[in-house]
Each structure stands twice: as C-alpha cells, then as structure tokens.
Amino acid sequence: SLKIWVDLQDNPIEQERRLLEDIFGLHPLAIEGAQRPRHPPKFECFEDVVFLLLKGLDAQSKTVDFGTIQIAIFVAERFLITRHSDESVSTNFLWDKVIANDDFLQKGTYALALDLVRLTVDRYLDILLNLEPRLEELEDEIQSKPKDTLLHELSDYRTRLKKMRRYLTYQVHIFQELKEQTDSPFKESLNHDIVDIYERLERASSLANLYYELASDLIDSYISLASHHLNNIMKILTVVTVIFVPLTFMAGIYGMNFEHMPELHYEHGYYFLLGMMILVAVILLFVFRKLRWL
C-alpha cells in the first residue's frame, strides 16, 4: 500500500495548520502542541494517529554545550509526518536513507518513526560518552594543578547535564508507558524496537545523572582543596603574626625614647634585647613545631 512521509520545517504556521488539519485530518490540539516553540515531550493517541513530541538536539550540537529543537511525529498506517522547529540531523539522515533505499519506507511508517526516535536518542548518547574522558581529565587536573577555569568548566557541565537529564527523563517516561501498554498502537512486531529505544533512553538518562553527580563531586572536591590551601596559608600567616607580635612589643617599648629608661644606658642593652627577640622567636617556632603547625 502507498505510504507517504511529509517532513515540515520553516513553514508559515497557518499554512502548515491547514495542511495538517484539512488534508491529513489531524486533531487541532495535536497540531497546536506540535507548533508550540516550547513544550515538554509527550505521547498521545488521536483515533488512528499516534502523536509523539520529542526534544531533539539541534544541528550544531556536538558537545554537552547543546541546543534543542522540537521534533513532532505524527504516524498512521499510511503516512508519517515529521515537523521540527529547526534543522534536524536525525531526520535528514533517515530521509537520505529512505531516498537511497525504498525498502526503508516499505518497512512501515511505525517502524520508520521508531528509527527516527532511535537516531535522536543516539545523538544524546554520543555526546554523553564523549564527555566521560574529559571528566576523568578534570579529576586529575584538580588534584595536580587546580585553577579557577576548571571550576567554571565543571559548573557549566553541571548546568548542561541537569537540563539534559530533565529532557531525557520526560522521554524515558514516554517509552516506559509505551513499553507497558497492552493495547499499544504500535504493532506487536515492533515491541522489540520500543524496548530497545527505552533501554537507550534509560542508559542516556542514567549517564546524564551519573555525570551530573560526578561534576558536582568534582566541584565539591575543588572547593575543599581550595579551602584546605587557604587554611594552610592562614595558618602560616597566623604563625608569622604570633612570632612578630612579642618582637614588635619589645621593639615598641624600647623605641619610646623616654629620658629615664635605665636600660638605655646599659652598655650591652642592644645585644641583650636582640638576643631576647631571637630567643622568643626560636621558642615560639619550637612550640609551633611541637603542635605540628609547621
């Protein structure tokens, strides 16, 4: 039987709405959800049409510093309609495969829709797997040569991973629902594909959560090391201050130049006072050494 795939991007909203509603008979609420610039991922059935709304990565996203696009999928027995708010790498890749080989379209629209979802999820997985070596490098760098740029990088990763984790969690719930449905609109032969997509989403969500927690732990480690380093500096400054306070006190007393100060006329007073200062400094250094402050 004849099967149609319509891919929509950058079309006038009203013209697009008339096409989807008048020609394909799609529900107005589903069309409204697909055309919204921001909407959480969702899954819904409208009579004989399945509506999937996904949060995909935009064409420029190759690292965790990613941007997203809305990917709406309307799938029925005889047609597949995809709509994305910007260029979709996953959709373009699958479209080229269908153009090159008609057998892909003959697999059926539902199978084709799941292929598109799988490609969308794999882009998240690729970004997450590429991030792991960098986090390991950051862990080593924090121990060997900590600097503020590492903290900024980790903070950015944590923010991005939190956002990615949220998007993936929505989509995990969608495919968990599809996996557990007894009256699923997808054919029984596609159950394996649904389970496969669910497992990929679950893995991507788990990795995003794991790396988010790792980035948080590394930030905490950096702050702890910085605090420890600062405490050592403060300890040294305290030791120096404590040593010089009595020396300054003695120098202050004999620097007042009162006329009747007996020690001023003592022939060896200068050397005696200097010796006392050295003795006090040595005693204090010994005490601090004993207390393991040095």
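Residues numbered from 1 in each chain as written. Predicted model: local features only at pLDDT ≥ 70, side-chain atom pairs only at ≥ 80, totals over all residues. Heavy atoms only, no water.

### Re the confidence of the model for the protein
In this model, the protein carries an average pLDDT of 87, and 99% of its residues clear a pLDDT of 70 or more. In the model of the protein, helix α4 (residues 103–106) stands out as the element of lowest mean pLDDT, 73, in contrast to strand β4 (residues 68–75), which has the highest, 92. (pLDDT = per-residue confidence, 0-100. Helix = DSSP H or I, 4+ residues; strand = E, 2+ residues; numbered from the N terminus.)

### Topic: the packing of aromatic side chains
Enumeration over the complete set of coordinates arrives at five aromatic pairs. Taking the centre distance of 4.8 Å and the plane angle of 15° together, the rings of Phe51 and Phe74 count as stacked. Taken together, the residues span a long stretch of sequence, with Phe51 in strand β3 (residues 49–57) and Phe74 in strand β4 at a distance of 23 residues. Note that Arg165 overlies the ring of Tyr212, its terminal NZ or CZ placed 4.3 Å from the centroid. (Phe/Tyr/Trp six-rings, centres within 6.5 Å; stacked < 30°, edge-to-face > 60°. Lys NZ or Arg CZ within 6 Å of the ring centre and 35° of its normal.)

### Description of the nonpolar core
If you look at the biggest cluster of nonpolar residues, it comprises 60 residues, and the most contacted ones within it are Ile73, Leu128, Phe175 and Phe186. Of all the elements in the fold, those that place two or more residues in this core are β3, β4, α3 (89–100), α4, α5 (109–144), α6 (148–180) and α7 (191–253). Sorting elements by how many residues they give to this core places α5 first, with 16 residues. Those residues in contact with Phe186 that sit more than four places away from it in its chain are Val50, Leu52, Tyr110, Leu114, Leu178 and Ile194. (Core = buried A, V, L, I, M, F, W, Y, C linked by side-chain atoms within 4.5 Å. Buried < 20%, exposed > 50% of the residue type's maximum accessible area, 1.4 Å probe, protein only. Contact = heavy atoms within 4.5 Å.)

### Focus: the pattern of salt bridges
Overall, the coordinates contain 17 salt bridges when judged by the stated rule. Among the ionic pairs, Glu14 bridges to Arg17, the shortest N-O distance being 2.4 Å. Here Glu14 and its partner Arg17 are both found in helix α1 (residues 13–23), three residues apart, which amounts to about one turn of the helix. On the basis of relative accessible area, Glu14 is assigned to the partly exposed category, the value being 41%. We classify Arg17 as partly exposed; its relative accessible area is 29%. We note a salt bridge from Arg17 to Glu21, for which the minimum N-O separation is 2.7 Å. In this pair, Arg17 and Glu21 both sit in helix α1, four residues apart, roughly one turn of the helix. Linked through salt bridges whose partners overlap, the residues forming this network are Lys107, Asp115, Arg118, Asp122, Asp193, Asp196 and Arg200. (Salt bridge = Lys/Arg side-chain N within 4 Å of Asp/Glu carboxyl O.)

### Focus: the packing of α7 against helix α8 (residues 269–290)
One can describe the packing of α7 onto α8 by two numbers: an axis separation of 10 Å at closest approach and a directional angle of 160°. Relative to α8, α7 is oriented roughly antiparallel. By crossing handedness, the relation of α7 to α8 is classed as right-handed. Of α8, the residues touching α7 (which contributes Val239, Val242, Ile243, Pro246, Leu247, Met250 and Ala251) are Leu273, Met276, Met277, Val280, Ala281, Leu284, Leu285 and Phe288. In terms of residue class, the contact of α7 with α8 is made up of 15 nonpolar, no polar and no charged. (Axes fitted to C-alpha atoms, helices over the stretch in contact; angles between N-to-C directions. Parallel < 35°, antiparallel > 145°, perpendicular 65-115°, else oblique. Left-handed = near helix turned anticlockwise from the far one by under 90°. Nonpolar A, V, L, I, M, F, W, Y, C, P; charged D, E, K, R; others polar.)

### Quick notes on the pairing of strand β5 (residues 79–84)
Burial runs high along β5: six of the six residues are buried. Burial of the side chains of β5 extends over both faces: Phe79, Ile81 and Arg83 are buried on one face and Leu80, Thr82 and His84 on the other. Summarising the sheet, strand β1 (residues 4–8) and β5 pair through five bridges and their orientation is parallel. By the bridge assignment, Leu8 is partnered in β5 with Arg83. Hairpin connection, β4 to β5: the antiparallel pair is bridged by three residues. (Pairing = 2+ DSSP bridges.)

### Focus on the environment of Asp126
Structurally, the position occupied by Asp126 is in helix α5. Owing to a relative accessible area of 45%, Asp126 belongs among the partly exposed residues under this scheme. For the pair Asp126 and Thr63, spaced 63 residues apart in sequence, the C-alpha to C-alpha distance is 8.8 Å.

### Here we look at α3
Compared with the 16 Å implied by 1.5 Å per residue over 12 residues, the 17 Å span of α3 between its first and last C-alpha is a close match. Where α3 is buried, its residues contact β1, β5, α4 and α5. (Expected span 1.5 Å × (residues − 1).)

### Description of the sheet that holds β5
Strand order across the open sheet formed by five strands is β1-β5-β4-β3-β2, with mixed pairing between neighbours. In this open sheet, the two strands that pair with only one neighbour each are β1 and β2 (42–46). Looking at each pair of strands side by side, their axes are set apart by 15° on average, direction ignored. Running at roughly 150° to β1, α3 makes contact with β1 and β5 of the sheet. α6 contacts β2, β3 and β4 of the sheet and is inclined by roughly 155° relative to β3.

### With respect to the packing of α1 against helix α2 (residues 28–35)
For the pair α1 and α2, interaxial distance at closest approach is 10 Å and the crossing angle is 145°. The way α1 lies across α2 gives a crossing that is right-handed. Note on element contacts: α2 touches α1 through Pro28, Ile31 and Gln35, opposite Ile13, Glu16, Arg17, Leu20 and Glu21. Of the residues that constitute the contact of α1 with α2, the class distribution is four nonpolar, one polar and three charged.

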